[in-house]
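Working through the structure, step by step
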Amino acid sequence: MSQFWKPGTEKPRIVDDEEGGILFLSASASSSSSSRFGYASVEKQRQRLPVYKYRTSILYLVETHATTIIVGETGSGKTTQIPQYLKEAGWADGGRVIACTQPRRLAVQAVAARVAEEMGVKLGEEVGYTIRFEDLTNPGTTMIKFLTDGVLLREMMDDPLLTKYSVIMVDEAHERSISTDILLGLLKKIQRRRPDLRLIISSATIEAKSMSTFFQIRRRALEAEESGPRMEPAILSVEGRGFNVQIHFVEEPVQDYIRHTVSTVLSIHDQEPMGDILVFLTGQDDIDAAIQLLNEEAQSNGKNSSGLIILPLYSGLPRAEQELIFSPTPRGKRKVVIATNIAETSLTLEGIVYVVDSGFSKQRFYNPISDIENLVVAPISKASARQRAGRAGRVRPGKCYRLYTEEYFVNEMSAEGVPEMQRSNLVSCVIQEPMVSKMILSSSELGCSEEIITIAAILSVQSIWVSGRGVKKDMDEAKLRFAASEGDHVTFLNVYKGFLQSGKSSQWCHKNYVNYQAMKKVIETREQLRRIAQRLGIVLKSSERDMQVVRKAVTAGFFANACRIEAFTHNGMYKTVRGSQEVYIHPSSVLFRVNPKWIIYHSIVSTDRQYMRNVISIDPSWLREAAPHFYQNHRHNATGH
Ligand code: CDP
Ligand code: MG
C-alpha cells in the first residue's frame, strides 16, 4: 500500500482487484477529532456497502410483510444502514421510534456512535442508545434507538406492546442469545395484537427457514384485515463481497494458546505484508495477559515491534478506548486488536487482513442439578471458526491462523453451537437482577445503601485489579493494603475509598495495581445506581464503620449463594447450602486460605474446580433472617449447629 485516501479531503484511489471486487484503501492517519469523514463522502461510503443495492427491496418487504428476515455477511451494512433507510422512508415520522437490538452492550454503543456520525447528528438526539445503567436517548427527539435485547425485554414490563416502536430490528439473531430468543418469542405475541408493528430479524448466518417457520402467523379470522401486511415472513439474502481467506492450521495441538497467540502475531508482523491483525481470545483476563506478554516478548527478543499498535476489545471497554479500535490505522503501523467473541459478527473492523483464532470462547453453561451457572472457556463451533476466518477477507484476500489442528477441526469441532437458552439458568432473564436489587433494597432498611451501591457497582465490572502474568506477587502485596478480614466486598469499599481520597488518580491506581479504567466505570455505574435508588425512594445512608450491616445486606440479596466449610477435609472445600456442591474460594479472593466457616459468594468460575469469586464471611443466623422460607427446608444443613 503506497497511497492513502483521507475521505473528504482528496480523491479516493480505487483499485480493481483480480476477483472483480473493488478494493478501497483505508484512510491515513486519524482525521480531525470531530469526524472521521467529511460530509460529502458519507453518502458515497454508504452507497458502497453491499446492502445498499437492496435498499428498495428491503423497504418494500418491510412495508408489505409483518416480518422480514435479512441475512447478510458481517460488514455488509445491515446494522448501520437499515435503520437509516427506515428513517428515510418515514418509519420514524409522527414521534415513532425505530429500534435495533444487539446482544452486547459494546456493540450498541459502537453502532449508535457510528450511525449518529453518518447522519451528522449528536449522539443521544436523533440517534441514541440504551444499555443497562446508561440511557442516551431523548424522548420525543430520538428516532433511531439502539439497545440491548435485555433492555428491550425490560421495557416490555412497562409497555407490554412496545407501542412507541414502529419497527423493531432484532439483530445478530444467529447468536441465539438467551435474551434474543425470549425477545423473539414475545415479539411474535405482540405482532398478533399490533398489525402495524414491523419486525426485522437480521444476522450474519441464520437458519432462515426455521426462523421463518417460527414467524408464520395465522391471523385469527376475526382480526383479519384486507389491508394489513402479509403474515408470511419475507426472506432476503444480501450478497456479500468477502475475499478469499487462506487457512493455516497448527501441526501439533498447542499447549498454551496465549503464548502461541503472541508468537503468531509476532511472526505475522515479521514476515507478512502490512495489514491489521485480529486475535480471538476468550475474555479480559486472557486479553490482558496476551497484551502483556506481547509487549515483553517484543522487547526481549529485540524484534521490531515499534510498528505495532496493540488494542484490547471486550464488552465493558470504556467508550474512549473504543474510539481507538475503530479509527484508521496510521500509515506504516499495524494494528493488533485482541478481542473476545464480540468481533466475530457484532462489530466490523476495517483493515483486518490477518486473523488469529484461539479456537475458544467464553460460554455460559448451566448445570440444573447443582443449580450453578458457569461462564466457561469452551471450544467454539465450526460455524464460529468460519465467521472468525471471514473477518480477514473484508478488504482484500487475507489469512487466518487457527491454533488447532486440521484434524481437530474436521473430526471434533461441532458444526453449530448450542443456543444459550439450552445451557443457561432462566431465572436471571425472567426476573431481572433479583439478587442485586434485593441487596440494595435491604441496605435501605439497614442504613448502608451508600456502601452497598458501591459494592454493586464494583461487582458489575469484571475486575478492579489489573491482571496479567508476572505482576502476581507485587499485586498480592498491594491487595493486602486493602484486605479486610470480612472479605472481598469490604475490601472493595477500602479500594474505592482510597481511590476517592487520591482524587481519582490514575497514578494511584497504577501504584496499587488497581485497574483505572475499571474504576472509572465503577464511578459511572455507581452514579446511575444512585439515581435509580433515589427514584425508588431508597434512603441513601452510609453506615461508616459498621460493616456488619453491610454483610447483612449482602446476605439478604445473595442468601442463595451461602456455603459452609467442610472442616474435616482440611483443603478449603466448601459445600453450597442449596445443593451440597463442592466449591472452593478462588485464589484471587482475600479470603483464600483464610477459610471462614460460613461465606456467601458472588459468582462461580469453573476451571479445574468450581471456584467462588468475591466472597464475604457471614453469620449463619442471618440466613434465616434473610430468607425464612428458603432456609426452613434447609434447616438441618444451614443453621442447625
Ligand atoms: O451489520 P453488518 O455487519 O452487516 O455491517 P455494519 O455494522 O452496518 O457495518 C457496515 C460498515 O460500517 C462496515 O464496513 C464498517 O466499516 C462500518 N462501521 C464503522 O466504520 N464503524 C462502526 N462502529 C460500525 C460500522
Ligand atoms: Mg451488524
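A brief report on the enclosed structure follows. (Residues numbered from 1 in each chain as written. Chains lettered and ligands numbered in written order. Predicted model: local features only at pLDDT ≥ 70, side-chain atom pairs only at ≥ 80, totals over all residues. Heavy atoms only, no water.)

**A look at the overall build of the protein chain**
When you go through the protein chain residue by residue, the secondary structure sums to 22 helices and 23 strands. In the protein chain, which comprises 641 residues, the share counted as buried stands at 54%. Relative to all contacts within the protein chain whose residues are 6 or more apart in sequence, the contacts with residues 24 or more apart total 72%. Accessible surface computed for the protein chain: about 29500 Å², of which carbon and sulfur atoms make up 50%. (Helix = DSSP H or I, 4+ residues; strand = E, 2+ residues; numbered from the N terminus. Buried < 20%, exposed > 50% of the residue type's maximum accessible area, 1.4 Å probe, protein only. Contact = heavy atoms within 4.5 Å. Areas by Shrake-Rupley, 256 points an atom, 1.4 Å probe, with all protein chains shown as cover.)

**Focus on the pairing of strand β22 (residues 598–606)**
Examined bridge by bridge, strand β19 (residues 562–565) and β22 share three bridges and lie antiparallel to one another. Counted as the bridge partner of Cys563 is Ile599 from β22. The sheet contact formed by β22 and strand β23 (residues 610–617) spans seven bridges and is antiparallel. By the bridge assignment, Ser603 is partnered in β23 with Arg613. As consecutive antiparallel partners, β22 and β23 are separated by three residues. (Pairing = 2+ DSSP bridges.)

**So, the pairing of strand β8 (residues 165–170)**
The element β8 is extensively covered by neighbouring structure, given that six of its six residues are classed as buried. Two strands pair when backbone bridges link them, and β8 and strand β9 (residues 198–203) are joined in this way by four bridges, in the parallel orientation. Bridging across to β9, Val170 finds its partner in Ile201. Handedness of the crossover joining β8 and β9 through helix α6 (residues 178–193) is recorded here as right-handed. (Right-handed = clockwise from strand over helix to strand, strands pointing away.)

**Description of the sheet that holds strand β5 (residues 127–131)**
Backbone-to-backbone hydrogen bonds pair the strands of a sheet. The strands run either parallel or antiparallel. What the eight strands build is an open sheet, ordered β6-β5-β7-β4-β8-β9-β3-β10; its pairing is mixed. Whereas interior strands pair on both sides, the edge strands pair on one side only; in this sheet they are β6 (134–136) and β10 (234–238). The average angle at which neighbouring strand axes cross in this sheet is 20°, direction not considered. Relative to strand β7 (residues 144–148), β5 is paired through four bridges, and the arrangement is parallel. Following the sheet pairing, Val127 is matched in β7 by Ile144. The sheet contacts of helix α4 (residues 105–119) involve β4 (97–102), β5, β6 and β7, and relative to β5 the element is tilted by about 170°. (Axes fitted to C-alpha atoms, helices over the stretch in contact; angles between N-to-C directions.)

**So, the pattern of salt bridges**
On inspection of all chains with the given rule, the structure shows 19 salt bridges. Of the charged contacts, one joins Glu433 and Arg132 as a salt bridge, the two residues approaching to 3.7 Å between their closest N and O atoms. In this pair, Glu433 sits in the loop between α13 (427–430) and α14 (434–446) while Arg132 sits in the loop between β5 and β6, placing the two residues 301 residues apart along the sequence. On the basis of relative accessible area, Glu433 is assigned to the partly exposed category, the value being 24%. One salt bridge connects Arg394 with Glu350, and the closest N-O pair in it is separated by 2.7 Å. One end of the pair, Arg394, is in the loop between α11 (382–390) and β18 (398–405); the other, Glu350, is in the loop between β14 (334–339) and β15 (352–357), with 44 residues separating them in the sequence. Residue classification places Arg394 among the buried positions, given a relative accessible area of 8%. (Salt bridge = Lys/Arg side-chain N within 4 Å of Asp/Glu carboxyl O.)

**What to know about the packing of helix α15 (residues 449–459) against helix α17 (residues 488–501)**
Running from N to C, α15 and α17 cross one another at 95°; their axes reach a closest spacing of 9 Å. Between α15 and α17, the angle falls in the class roughly perpendicular. Contacts from Glu451, Thr454, Ile455, Ile458 and Leu459 in α15 reach His489, Phe492, Leu493 and Tyr496 in α17. Residue classes in the contact of α15 with α17 are distributed as six nonpolar, two polar and one charged. (Parallel < 35°, antiparallel > 145°, perpendicular 65-115°, else oblique. Nonpolar A, V, L, I, M, F, W, Y, C, P; charged D, E, K, R; others polar.)

**Things to note about the side chain of Arg551**
Assignment of secondary structure puts Arg551 in helix α20 (residues 547–558). With sequence-adjacent residues up to four places away left out, Arg551 is seen in contact with Glu486, Ile616, Ser617, Ile618 and Trp622.

**Some thoughts on the site of ligand 1**
Near ligand 1 there are 16 residues, and of these Gly75, Thr79, Thr80, Glu350 and Arg394 occur at the shortest range. A distance of 2.6 Å separates an oxygen atom of ligand 1 from a polar atom in the side chain of Thr80. Its free accessible area being 530 Å², ligand 1 has 95% of it covered by the protein chains. Elements with a contribution of two residues or more to the shell around ligand 1: α3 (78–88) and α4. (Near = heavy atom within 4 Å. Polar contact = N/O pair within 3.5 Å; in protein donor to acceptor, adjacent residues only side chain to side chain.)

**So, the sheet that holds β14**
The parallel open sheet is built from six strands, whose spatial order is β11-β18-β15-β12-β14-β13. Two strands in the sheet have a free side with no partner beyond their single neighbour: β11 (245–250) and β13 (308–313). Direction aside, neighbouring strands of the sheet carry axes that sit 15° apart on average. Across four bridges, β15 lies against β18 in parallel orientation. For Tyr354, the partnering residue across the bridge sits in β18 and is Lys399. In this fold helix α8 (residues 257–271) packs onto β11, β12 (276–280), β13, β14, β15 and β18, with an angle of close to 155° to the strand it touches most, β18.

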